[in-house]
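Next come the chains, spelled out residue by residue.
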Amino acid sequence: MATNLLKLSSQIRRLSPLTRSLTIRTSATSTAPPSPSSGSKKVSDRIVKLSAIDADGDKKDIIGLSGQTLLRALTHTGLIDPLSHRLDDIDACSAECEVQIAEEWLEKLPPRTYDEEYVLKRNSRSRVLNKHSRLGCQVVLTQELQGMVVAVPEAKPWDIP
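So, how was this worked out
Residues numbered from 1 in each chain as written. Predicted model: local features only at pLDDT ≥ 70, side-chain atom pairs only at ≥ 80, totals over all residues. Heavy atoms only, no water. Helix = DSSP H or I, 4+ residues; strand = E, 2+ residues; numbered from the N terminus. Contact = heavy atoms within 4.5 Å. Areas by Shrake-Rupley, 256 points an atom, 1.4 Å probe, with all protein chains shown as cover. Core = buried A, V, L, I, M, F, W, Y, C linked by side-chain atoms within 4.5 Å. Buried < 20%, exposed > 50% of the residue type's maximum accessible area, 1.4 Å probe, protein only. Polar contact = N/O pair within 3.5 Å; in protein donor to acceptor, adjacent residues only side chain to side chain. Pairing = 2+ DSSP bridges. Arc of directions from axis to C-beta. pLDDT = per-residue confidence, 0-100.

Now for the overall build of the protein chain. Within the protein chain, the secondary structure is distributed over six helices and five strands. Order of helices (α) and strands (β) in the protein chain, N terminus to C terminus: α-α-α-β-β-α-β-α-α-β-β. Within the protein chain, contacts between residues separated by at least 24 positions form 61% of all contacts whose residues are at least 6 apart in sequence. Here the protein chain displays about 10,900 Å² of accessible surface, and carbon together with sulfur accounts for 55% of that area.

The following block contains the structure:
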């Protein structure tokens, strides 16, 4: 048995550094639970609860996960049609995922990127930005956004089939 281990260890030493790293990682087994620093959290720790006001003025509870986009959470509840948007792709965005963010939550969001502002202005009739407007595909949920209120505007006439 000891000679087999010596042979195996000498073979591993001869492998390239990348192959050696992969071999060691895949063959190692650990019974220890994942550490908090490893980034793997329970799903229940990642839940972000939001409220959305639909075009009819009805308030709906939305559940998303931190790290997920607001658009993805809104499509799971049916407030935005998933087929109308290429999820999370700013280059293909037609602003159909535009939402209005309540005043008290604006400062908790990162500022809009140049691309997001461009898409919002391009799709605005007056070419003026509303400070509450954000693209759902560009808002990434975090625990700090727990309880955020967003309004999903009525579909534009050209968006209705």
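If you look at the biggest cluster of nonpolar residues, it comprises 29 residues, and the most contacted ones within it are Leu 70, Leu 74, Ile 101, Leu 135 and Met 148. Elements supplying a minimum of two residues to this core: β1 (47-53), α4 (70-76), β3 (98-101), α5 (103-106) and α6 (114-122). In terms of residue count, the dominant contributor to this core is α4 (four residues). Excluding residues that lie within four positions of it along the chain, Met 148 makes contacts with Lys 49, Leu 50, Ser 51, Leu 70, Ile 101, Trp 105 and Leu 109.

Here we come to the side chain of Ser 133. By the secondary structure assignment, Ser 133 is in strand β4 (residues 133-135). By relative accessible area, Ser 133 is classed as buried at 3%. A polar contact of 3.1 Å, which involves the side chain of Ser 133, links it to the side chain of Gln 100. In this view, Ser 133 contacts Glu 98, Val 99, Gln 100, Arg 112 and Leu 120; residues no more than four positions away in its chain are not counted.

Let us now look at the pairing of β1. Relative to strand β2 (residues 59-65), β1 runs antiparallel, the two sharing seven bridges. Counterpart to Ala 52 in the pairing with β2 is Lys 60. Counted between consecutive antiparallel strands, the loop separating β1 from β2 contains five residues, among which Gly 57 sits at a positive phi close to 90°. Alignment of β1 against strand β5 (residues 149-151), held across three bridges, turns out to be parallel. Following the sheet pairing, Ile 53 is matched in β5 by Ala 151.

What follows is about α6. Those residues of α6 that sit buried are Glu 116, Val 119 and Leu 120. Each buried residue of α6 lies within a common arc of 95° when the element is viewed along its axis, so the set occupies one face. Of the surrounding elements, those touching the buried residues of α6 are β3 and β4.

Another aspect to go through is the confidence of the model for the protein chain. Residues with a pLDDT of 70 or more make up 64% of the protein chain, whose mean pLDDT is 75. At the level of individual helices and strands, the protein chain shows its lowest average pLDDT in helix α2 (residues 17-27), which scores 41, and its highest in β5, which scores 94. Note on residues 18-38: pLDDT is under 50 here. Beyond four places in sequence and across chains, it has five contacts.

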